[in-house]
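Chain by chain, the residues run as shown.
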Protein chains: 2
Amino acid sequence: MRPIRDILEAQSVVVIGASRDQEKPGAQLLKVLKDVGFAGRVAGVNPQGGNVFGVPLYPCVRDVPFEIDLAVLLIPPRFVPDALRDCAVKGVKGAVISAEGFAETGTQGATYQEDVRAILKSSGMRGFGPNTLGLVNTQTKLTTSYFANSQMLASGHIGFAAQSGIFVGALLRYLSSLTGLHLSKGIGLGNKVDVNESDALSFLADDEQTKIIGLYLEDVKDGGRFVKNLKKATARKPVLIIKSGRTQAGAKASATHTASMAVEDSVFDGIVRQAGAIRLHAIDEFVRTLKGFLNMPLPAGDRLAFVSYSGAQAIMSIDTTIEQGLQAARLADATQARIGRVIATSSKTKNPIDIFPDWLTHGYEKTITEVVKALLDDRGVDGIVFISFAEANPEVYQSLVNVVQADRRKPVFVSLLGDSLDKAACERLLDAGGLPCFDFPEQAVRVFARMRQYAKRIKGTE
Amino acid sequence: MRPIRDILEAQSVVVIGASRDQEKPGAQLLKVLKDVGFAGRVAGVNPQGGNVFGVPLYPCVRDVPFEIDLAVLLIPPRFVPDALRDCAVKGVKGAVISAEGFAETGTQGATYQEDVRAILKSSGMRGFGPNTLGLVNTQTKLTTSYFANSQMLASGHIGFAAQSGIFVGALLRYLSSLTGLHLSKGIGLGNKVDVNESDALSFLADDEQTKIIGLYLEDVKDGGRFVKNLKKATARKPVLIIKSGRTQAGAKASATHTASMAVEDSVFDGIVRQAGAIRLHAIDEFVRTLKGFLNMPLPAGDRLAFVSYSGAQAIMSIDTTIEQGLQAARLADATQARIGRVIATSSKTKNPIDIFPDWLTHGYEKTITEVVKALLDDRGVDGIVFISFAEANPEVYQSLVNVVQADRRKPVFVSLLGDSLDKAACERLLDAGGLPCFDFPEQAVRVFARMRQYAKRIKGTE
C-alpha cells in the first residue's frame, strides 16, 4: 500500500465540489489554500467549469492537466463513489472524503461506504474519512478544511490524529490560540474506511517535524497492528491518547457518531500502558500535558520541590504528589543554607519553601532567582513547582524565565492565582518564555507525573 | 461565649500597629477601609499618636474615645499579648491577629499563642488567627486585609472560611475577577487559637446574605462540634469543603504551616459524606461547583441530555456521566418529534443531540432555542449540557440565555471550545446571563453530579 506520507506531503490538490459561489465550502477551501500560502498546484472540479477566486475549475477530475497527489471531496455521499472512480482513473494518490452520511447514519450510508472501500482497495488510492475535515501539514501549509486560517497553520511540533470531524477543527483553533501549541501534522480519521490510527501513528512516528503525538480515538480497527505501531512510536516520542467510549453508554453514542465498534476499555488501557503511551481522559489534561512535554526536559526522578507564597497551595500540591506516586523532595543541607541567604525563617527553607514574607527583604526577583537556582543544583530535586500570584506587572517573572532558560536540567512549572486578567498577562509572558504556566499547582504535579512515566519508559527501552 | 456575629458585623474598627508611614500595612488598611466605603467608626493605635490618611491615631487602644467592636493587630508576635490585654481592658469585642510567627514556627511562638489563648479566654473577647488576613463582610464593606479593593468587596452570596493566610486573599482576588462569584462573608481562621471552623460554620449557616458555604481546612479542632454544625449547615445550604493534608506528607507540611494536627483522611471523608456536605479536592473544581449552585436550580433526577455540535465531546461527556453514577437521558418520542422540526437527520434527534449540520437550515439561534425548549419540557430530562464552539460574535448565545432565564425548572450548562479570546468573550456573556459556562463539558457533568448529591441530601432531610 502507498504510504500516507505521499498524501500528507501533497504537491498538488484538487477540490471536487468546488462551487462557483464564493460562500460555499468548496470555494472557500480554495481561498483558504491561497490565504495560508500552500505552495503546490491547486485546481477545482465543477460540472460547469469556470473558475473561482482565480482558480480554474474543470468538469471532471480526469480533465485536470497535472498529476494529483490529493483530491478533497466536498460532495454529498451519493456522488462520492463515482467521483472516486474518476480519481482512480486519473491516478490520484489519496482522497479526503469530508461528507457525513455514511456508515454512521444507516444502511444506505453503509452501502456508499462499502463502495468507497472497494474502489480504494482496487485502485491502491489512500482514503481519509469519510466524515472528517481531513489533513493539515503546517510545513507545506496544506489544509483540507475550509475554516482553517494562518494562525492554525503556524508550524509546530504536535502531530495529532483524531477520529472525529468538526471537533478536530475546534480543538485546533483552541490550541493555535494558545502560545506555543502548534501542530506539525493533523490527520482526521473520521469513519476510517481506509486510513486508520495505525497508519497515522506510523507516519507521525517517522515524521521529523513531529516531537509529540496526540490521538483522539473512539475505537481501534486492527488491535495487533495498533500495539506494534504504538510501541514503535513511544520508543521515539511521547504519545498521548484520549480514548472515549470508555463506558457502554459512551460506546453506544460513539457508534452512531462514527460507526465505531467498542473496545473493552480495560483491554485498551492495558495496551496503552504496556506500550508506554500515556492515556488522558480529557482535553484540558491533554493540553496541559502537551505544554509540559514541549517545553521541559524529562524528569530524572520522582522528587518534586515546591516554592510557594502561601502554604495552603503547597500542601494541596504535596497531597497530589503523593497520590500520583511521586515524592516531596528532601532538600540537602547545602541547599537550605543557600536558600537561607534570602529566606531568614529557617522553617521556610525546607520543602515546601515559603518565600513570604522574607522576599520583602531581598526583593521578589532576587529571592525567587536564588531559590530556584539552589533547587536546580540540588541532586535530590527532580522537578520544581513554583506557586505564586498573578501580578499586575508580569515583568516580575522575567527573571524566573531567564533562570530556567539558562538551565535546562530539570522541569520547572509555574502556577498563578489572582485576578484573571493579571493572570492571563503573566501566563502569556511565561508561556512565551517556554515556562509552562498552569492555573493550579496540582495540575503541574500531574503533568510532571506523566512526564516521569514516559521518562521511565524510555529508560526501560534504552 | 460571645457570638462571632458581633465582630463580623462590627460598627467600629481600630487598627493596632497603624503606621504614620502611608506605605506600611497598618496605614494601608485604614486607607482601604475608606476606599471601599466601610461606614463604621475607624481609628488607629500608634505609640506616637498623630494621624494617617486623615484617621486619628491614639497611643493606646484604651485611649480610643468610642466603643470598639473589632481590633485588627498588625504588630509582631511579641507585642501581641500586651496589646490584647489592653483590648480586654477597653472591652473590645473581638480581635484579628494577622502576624505569622506563633505556634507554626516553634516553641517561642507557641508560648505567645498560649498567652493569647489565655487572655481571650479570661476576657471573653473573640480572636481570629493568628496568621490570617482576617475578615470580610461585603454587606458592611468591612475588611481587615490591607490589599483588599472595591471589586473584592462587591456583595455576593458565597460565605467562605479558610485556615490560611495569604491564600484567602489571592483566592478572593481571583473569584472577584470572575463574573458573579462574590463573597458575602470571608473568615480567615489561621492558627485558630479561638475562632475555628465550627464557629464559622455556625455563623455562615445563620447568615442570610450567605447562600452557599465554602471551607478550606487543614485540620478540625473539635470533631463532635464540627459534625453537629456541619449537619445543621447542610440542612440549610450547600457546604463545599476542600481539606488538604490528605496524605501524611501533606499533613506534615500543613503542621509547619498553621500548626495543625492531621485528621485521618478517611475519617474526615466519612464525616463530610454523612453530614451531606460536598468535598472537593481542588480550587478549580470548587470554583466551577460554585458557578453551578449559585446560578442553577437543583436537579430533580440523574438524567442528563447533551446538545452538541460534534459527537466527540458528547461521547466524552457521556463517559463521565456514567462514571459519576448519573444517566444519559432517554428522550420521549414527543421530544424527538419536536426536535425533528429543526433537525432533519433522525439519528441526530436522539441523546446526544447533534445540531450539525442541520442548524444551517433553520439558523443557529432558532435551532438551539427549539432544542433546549423541547428538552426543558421533557420529564425524562433532569439537566442539559450544551456543548458548542466559541464564536467571534458572542451575541449568538443571547437567545440561549433568554430561554434559560425564562425557564428555571432544570439546570443548564454550557461548554465552549475554540479560539481562547472568542471563548472568553462568549463566557462573559453567558456568565453575566447566569448561565454557567465551562471550558469542557465533562466539568459541567461533574458539577451536575455534586448538585444532584446535594439535592438528594436535602430531600432526605425534608
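Computed from a predicted model, the values in this text were never measured in an experiment. The numbering scheme is per chain: residues are counted from 1 as the chain's sequence reads. A letter from A marks each chain and a number from 1 marks each ligand, given out in the order of writing. Only residues with pLDDT of at least 70 get local features here, since the model is predicted, and only at 80 or more are side-chain atom pairs given and counted; chain-wide, interface and lining totals rely on the full set of residues. Calculation of side-chain values draws on the structure's entire complement of heavy atoms; hydrogens and water are dropped beforehand.

**Details of the sheet that holds strand S5 (residues 70-73) of chain B**
All names here are of chain B. To keep things clear, this is the line we draw: One bridge is not enough; two strands pair if DSSP finds at least two bridges between them. Here a strand is any run of E in DSSP of at least two residues, a helix any run of H or I of at least four, and the numbering for each starts at the N terminus. Lines are fitted to the C-alpha atoms to define the axes, a helix being fitted only along its stretch in contact, and any angle between axes, read from their N-to-C directions, falls within 0 to 180 degrees.
The strand order S3-S4-S2-S1-S5-S6-S7 describes an open sheet built from seven strands, whose pairing is mixed. Pairing within the sheet leaves two strands with one partner each, and these edge strands are strand S3 (50-52) and strand S7 (126-128). The sheet shows a mean angle of 25° between the axes of neighbouring strands, taken without regard to direction. In this sheet, strand S4 (residues 55-58) lies alongside strand S2 (residues 41-45) in parallel orientation, the contact comprising two bridges. Bridging across to S4, Val-45 finds its partner in Tyr-58.

**Things to note about the interface of chain B and chain A**
To keep things clear, this is the line we draw: Here a residue-residue contact requires only that any non-hydrogen atoms of the pair lie within 4.5 Å. Put simply, buried area is the surface a 1.4 Å probe can reach on two separate parts but cannot reach once they are joined, added for both. Note on definitions: salt bridges are taken to be side-chain nitrogens of Lys or Arg within 4 Å of carboxyl oxygens of Asp or Glu. Polar contacts, as counted here, are pairs of nitrogen or oxygen atoms within 3.5 Å of one another; within protein the pair requires one atom able to donate a hydrogen and one able to accept it, and residues that are adjacent in sequence qualify only if both atoms are side-chain atoms. As a working rule, the residues Ala, Val, Leu, Ile, Met, Phe, Trp, Tyr, Cys and Pro are called nonpolar, Asp, Glu, Lys and Arg charged, and the rest polar, with Gly in that last group.
Taken together, the contacts link 52 residues of chain B with 52 residues of chain A. Note on chain B versus chain A: buried area summed over both sides is about 4,500 Å², and carbon and sulfur give 66% of it. The largest per-residue losses of area from chain B upon contact with chain A belong to Ile-166, Ile-315 and Met-316 of chain B, which jointly make up 13% of the total buried on that side. Here chain B is connected to chain A by four salt bridges. Between Glu-323 of chain A and Arg-246 of chain B there is a salt bridge, with its nearest N and O atoms 2.7 Å apart. Linking chain B with chain A are 16 residue pairs in polar contact (both at pLDDT 80 or more). Broken down by secondary-structure element, the contributors of at least two residues to the side of chain B that touches chain A are helix H5 (166-176), helix H8 (248-258), helix H10 (283-295), helix H11 (311-323), helix H16 (420-432) and helix H17 (441-461) of chain B. Considering every element that reaches the side of chain B that touches chain A, the biggest residue donor is H11 of chain B, with ten residues. Here the side of chain B that touches chain A is built from residues that sort into 24 nonpolar, 17 polar and eleven charged.

**With respect to the side chain of Gln-163 of chain B**
Mapped onto the elements of the fold, Gln-163 of chain B is located in the loop between strand S10 (158-162) and H5. In this structure the side chain of Gln-163 of chain B is engaged in a polar contact, spanning 3.1 Å, whose partner is the side chain of Lys-192 of chain B.

**A few points about the pattern of salt bridges**
Summed over all chains, the structure comprises 61 salt bridges over all chains. Salt bridges sharing partners connect three or more residues here, namely Arg-126, Asp-194, Asp-199 and Arg-225 of chain A.

**Section: the sheet that holds strand S12 (residues 212-217) of chain B**
Residues and elements named next belong to chain B. Taken in spatial order, the seven strands make up an open sheet running S9-S8-S11-S10-S12-S13-S14, and their pairing is mixed. With one partner strand each, in any of the chains shown, strand S9 (142-143) and strand S14 (278-280) form the two edges of the open sheet. When strand S8 (residues 135-137) meets S9, the two strands line up antiparallel, connected through two bridges. Looking at S9, one finds that Val-136 is bridged to Thr-143. Against the sheet, H5 makes contact with S8, S10, strand S11 (183-188) and S12, and its axis sits at roughly 155° relative to S10, the strand it touches most. Docked against the sheet, helix H9 (residues 265-275) engages S12, strand S13 (239-243) and S14, running at close to 140° with respect to S14.

**What about helix H5 (residues 166-176) of chain A?**
Convention followed: Only protein chains enter the accessibility calculation, which uses a 1.4 Å probe. A residue is then buried if its area is under 20% of the maximum for its type, exposed if over 50%, and partly exposed in between.
Burial of H5 of chain A is extensive: ten of the eleven residues sit out of reach of the surface. Taken together, the buried positions of H5 of chain A are occupied by Ile-166, Phe-167, Val-168, Gly-169, Ala-170, Leu-171, Leu-172, Tyr-174, Leu-175 and Ser-176 of chain A.

**A few points about the pairing of strand S18 (residues 383-389) of chain B**
Residue and element names in this part refer to chain B. Of all seven residues in S18, seven are buried; the element is thus mostly enclosed. Burial along S18 is two-sided: the face carrying Gly-383, Val-385, Ile-387 and Phe-389 and the face carrying Ile-384, Phe-386 and Ser-388 are both buried. Where strand S15 (residues 303-308) lies against S18, four bridges are found, and the strand directions are parallel. Looking at the pairing, Leu-304 lines up with Gly-383 of S18. Here six bridges tie S18 to strand S19 (residues 412-417), and the two strands are oriented parallel to one another. Counted as the bridge partner of Phe-389 is Leu-417 from S19.

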